[in-house]
Amino acid sequence: MELPVVVGVDGSDSSLRAVDWAADEAARHGLPLRLVYVSRWERYEAASLQQSLERPSEQVLADSIVTDAAARAAVRNPEVTVTAEVLAQDTVTALLDEGHRATMLVTGSRGRGQLKELLLGSVSLAVAARAHCPVVVVRGEAAGTVGAHGRILLGVADPARGTAAVAFAFREAAVRKCEIDAVRSWRRPGYEGTGLLRDTSAPGVSREMRAETELDQALGPFLGRHPDVAVRRSTVEGPAHQVLVHRSAAADLLVVGAPRRHGLVGLQIGRTAHAALHHAHCAVAVVPQPQ
């Protein structure tokens, strides 16, 4: 069974952009689209309002939000099968549960709440840091949202920690027919000074050379599987989160991995993914990588 692209909607402008992005993504992959709006009015208020002749305002709002979002998605991509549902749960819990039956979860970067000045909504951050499927937070300029740059930016981590993010980036590039800008950053220790830097864990190998080797190791298995995907590789000195945020201005999608350690409770997201979600100039895909 084909798992849908699931997008959380709340009626905000940000969530409507997420609907557009998710509808396009579902069309690219030939997948169904599922829209969910989370409202707890049924749990806490419906029982006491059963005798009322009028529909509660929260129910009217919820039905309006999902109906309008479904109509918007259907107009944008008529070939996509769209379903919509109002869920009576906590928002984060509901989306995480949906993630177990989804190809990916898609959210906007901000919600309808009064804390719109925050760089990233708390729901989007919590879902990206805990979901066991890829999570895409739609943000950035319109050019990137519609794929005008023709480029996916991939932050390559140590391949020993997993390559799920690399696999995701190649699949996306293949269906979008665009290139991958694969970046592996490396750092110069402050106490080393200038000259050739040696990595003490690998005698005789500079940190830059090691970054190049790790980049080749991470990309190697996927190059043969996707021979039509153009890949531009680079190793860049500097903090990974700063390098990727800067380069994201010329990308349609930034793909980063996030650790998922079995049995660990709470948010599981590294500094790079955290910074990307708050500051990237394009949509960000956070791909869980089991440790």
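Residues numbered from 1 in each chain as written. Predicted model: local features only at pLDDT ≥ 70, side-chain atom pairs only at ≥ 80, totals over all residues. Heavy atoms only, no water.

Regarding the packing of aromatic side chains
On inspection of all chains with the given rule, the structure shows one aromatic pair. Ring plane angle 25 degrees and centroid distance 5.8 Å describe the contact between F170 and F222, whose orientation is recorded as stacked. Of the two residues, F170 is situated in helix α7 (residues 164-176) and F222 in helix α8 (residues 207-223); the sequence distance between them amounts to 52 residues. Relative accessible area serves as the criterion here: at 7%, F222 is assigned to the buried category. The side chain of R28 reaches across the aromatic face of W21, ending 6.0 Å from its centre. One residue, R225, lies across the ring of F222, its end atom 4.7 Å from the ring centre. (Phe/Tyr/Trp six-rings, centres within 6.5 Å; stacked < 30°, edge-to-face > 60°. Helix = DSSP H or I, 4+ residues; strand = E, 2+ residues; numbered from the N terminus. Buried < 20%, exposed > 50% of the residue type's maximum accessible area, 1.4 Å probe, protein only. Lys NZ or Arg CZ within 6 Å of the ring centre and 35° of its normal.)

Quick word on the pattern of salt bridges
Counting across every chain of the model gives 16 salt bridges. In this structure, the salt-bridge partner of D20 is R72, at a minimum N-O distance of 2.8 Å. On the criterion of sequence distance, the pair formed by D20 in helix α1 (residues 13-29) and R72 in helix α3 (residues 57-76) is long-range, its members being 52 residues apart. Owing to a relative accessible area of 11%, D20 belongs among the buried residues under this scheme. The salt bridge involving E98 is made with R101; its shortest N-O contact spans 3.8 Å. Under the relative-accessibility criterion, R101 is labelled partly exposed at 42%. Within this structure, R34, E85, D97, E98 and R101 form a network of salt bridges that share partners. (Salt bridge = Lys/Arg side-chain N within 4 Å of Asp/Glu carboxyl O.)

Remarks on unusual backbone geometry
The phi dihedral of K177 is positive, around 55 degrees, even though this residue is not glycine. With respect to the helices and strands, K177 occurs in the loop between α7 and β7 (179-186).

A look at the nonpolar core
In terms of nonpolar packing, the biggest core is built from 47 residues, with V7, L33, V106, V136, L154, L253 and V255 touching the most fellow members. A per-element tally of this core places α7 first, with seven residues. Beyond its immediate chain neighbours, meaning those up to four positions away, V136 contacts W21, M104, L105, V106, T107, L253, A283, V284 and A285. In this structure, A94, A129, V183 and V286 belong to the second largest nonpolar core, which totals 35 residues. (Core = buried A, V, L, I, M, F, W, Y, C linked by side-chain atoms within 4.5 Å. Contact = heavy atoms within 4.5 Å.)

Description of the pairing of strand β5 (residues 135-138)
Residues V135 and V137 of β5 are buried on one face, and the alternating residues V136 and V138, pointing to the opposite face, are buried as well. Two elements, strand β4 (residues 104-108) and β5, share four bridges in a ladder whose sense is parallel. Residue pairing in the sheet places T107 in a bridge with V137 of β5. Of the strand pairs in this sheet, β5 and strand β12 (residues 283-290) are connected by three bridges, and their pairing is antiparallel. Of the residues in β12, the one forming a bridge with V135 is V286. (Pairing = 2+ DSSP bridges.)

Some points on the side chain of S14
Mapped onto the elements, S14 comes out in helix α1. Looking at S14, its side chain comes within polar contact range of the main-chain nitrogen of S109, at 2.8 Å. (Polar contact = N/O pair within 3.5 Å; in protein donor to acceptor, adjacent residues only side chain to side chain.)

Details of the confidence of the model for the protein
Averaged over all residues, the pLDDT of the protein equals 86, while 81% of them reach at least 70. In this model residues 43-51 is a low-confidence stretch, pLDDT under 50, and it forms five contacts with partners more than four residues away in sequence or in other chains. Low pLDDT, under 50, characterises residues 114-119; the stretch is placed with eight contacts to residues that sit more than four places away or in other chains. (pLDDT = per-residue confidence, 0-100.)

Quick notes on the layout of surface pockets
The gaps of empty space that remain are located by a probe, the size of a water molecule, rolled over the atoms. What the largest pocket holds in volume is close to 860 Å³. Taken together, 37 residues form the lining of the largest pocket, with A157, D158, R161, R184 and T272 sitting closest to its centre. Contributions of two or more residues to the lining of the largest pocket are made by α7, β7, α8, α9 (240-247), β11 (253-260) and α10 (271-279). The element that contributes the greatest number of residues to the lining of the largest pocket is α8, accounting for five residues. (1 Å grid on protein atoms, 1.4 Å probe; cavity = no way out; pocket = protein on both sides within 12 Å on 5 of 7 lines; lining within 4 Å. Points joined across faces, edges and corners; volume = space filled by probe spheres on them.)

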